[in-house]
Amino acid sequence: MPDAGRVRTYGIFPVFDLTDREDALVQACISLVTEIVIECLRSGGDNSHSAMDCRNPGSGPWQDWSSDIAEPYLVPLNDAAALRQVVYLSVDPFSPGCATVIRSAANCRAATFGYDGQAFLCLRHDDKPPFSPNPELVLIEERPDLLETDYFDGWMPEDRSGKRFLSK
């Protein structure tokens, strides 16, 4: 669990239910949450991100996983386009899902995601807090209670193979 004196946690929430994939406001909301997350993770030029992709043997990246057979793959997200794609798919409630946690190797910044377009950030205490340029689409709340949860711990299936991480 992160040290509460060194980090702050935030929730980024759509202000309405994201129920219609074709609705322009829904798409704008997903894009705005994505941009806020990326701006915070890449603050100060940080490009040392990775995510765990737990998937079934033979599945492609960010596809099927079953808790009893999935294997963990560490996926580097140093490239801005790759990070943007994974964050977008993780925020989008209409996608099959994506990353459970994205972390920076350079500092304690991390993001995790809800099922309905939410994102949760763990940032350094001295980082600039996230800001929503459109509070009619997205609200941001400081959420110190998240430090008492396992939201930023990620998920690892039982390792039966003896492998710690697999290549992407």
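Note that the structure is a prediction, hence the values are computed from the model and not measured.

The rules behind these values
Residues numbered from 1 in each chain as written. Predicted model: local features only at pLDDT ≥ 70, side-chain atom pairs only at ≥ 80, totals over all residues. Heavy atoms only, no water. Pairing = 2+ DSSP bridges. Helix = DSSP H or I, 4+ residues; strand = E, 2+ residues; numbered from the N terminus. Axes fitted to C-alpha atoms, helices over the stretch in contact; angles between N-to-C directions. Expected span 1.5 Å × (residues − 1). Buried < 20%, exposed > 50% of the residue type's maximum accessible area, 1.4 Å probe, protein only. Arc of directions from axis to C-beta. Contact = heavy atoms within 4.5 Å. Polar contact = N/O pair within 3.5 Å; in protein donor to acceptor, adjacent residues only side chain to side chain. Phe/Tyr/Trp six-rings, centres within 6.5 Å; stacked < 30°, edge-to-face > 60°.

Participant: When you look at the sheet that holds strand β1 (residues 7-14) in this model, what are you seeing that I'm missing?
Facilitator: Adjacent strands of a sheet pair through backbone hydrogen bonds, lying either parallel or antiparallel. Overall, antiparallel pairing links the seven strands, which are arranged β3-β2-β4-β5-β6-β1-β7 in an open sheet. Edge positions in the sheet fall to β3 (71-76) and β7 (138-142), since each has one partner strand and no second. Neighbouring strand axes in the sheet, compared pairwise and without regard to direction, differ in orientation by 20° on average. Note: β1 against strand β6 (residues 119-124), six bridges, orientation antiparallel. Counterpart to I12 in the pairing with β6 is A119.

Participant: I would appreciate a short explanation of helix α2 (residues 80-91) in the present structure.
Facilitator: Residues that lie three or four places apart on an α-helix share one face, since the helix turns once every 3.6 residues. When the terminal C-alpha atoms of α2 are compared, their 16 Å separation across twelve residues agrees well with the 16 Å that a helix rising 1.5 Å per residue should span. Buried within α2 we find L83, V86, V87, S90 and V91. Projected down its long axis, α2 shows its buried positions confined to an angular sector of 130°, all on one face. Looking at α2, the residues exposed on the side facing more than 90 degrees away from the buried face are A81 and Q85. As for α2, its buried residues are in contact with α1 (24-41), β2 (49-55), β4 (101-104) and β5 (110-113). Among the residues of α2, the N-terminal cap falls to D79, whose side-chain oxygen and the backbone nitrogen of A81 are separated by 3.2 Å.

Participant: How do you make sense of the packing of aromatic side chains when you look at a structure like this?
Facilitator: The relative placement of two aromatic rings is captured by the distance of their centres and the angle of their planes. Applying the stated criterion across every chain yields a total of one aromatic pair. With a centroid separation of 5.8 Å and an interplanar angle of 75°, the aromatic rings of F13 and F120 are classed as edge-to-face. Placement of the pair is F13 in strand β1 and F120 in strand β6, with a sequence separation of 107 residues. F120 shares its class with F13; the two are buried.

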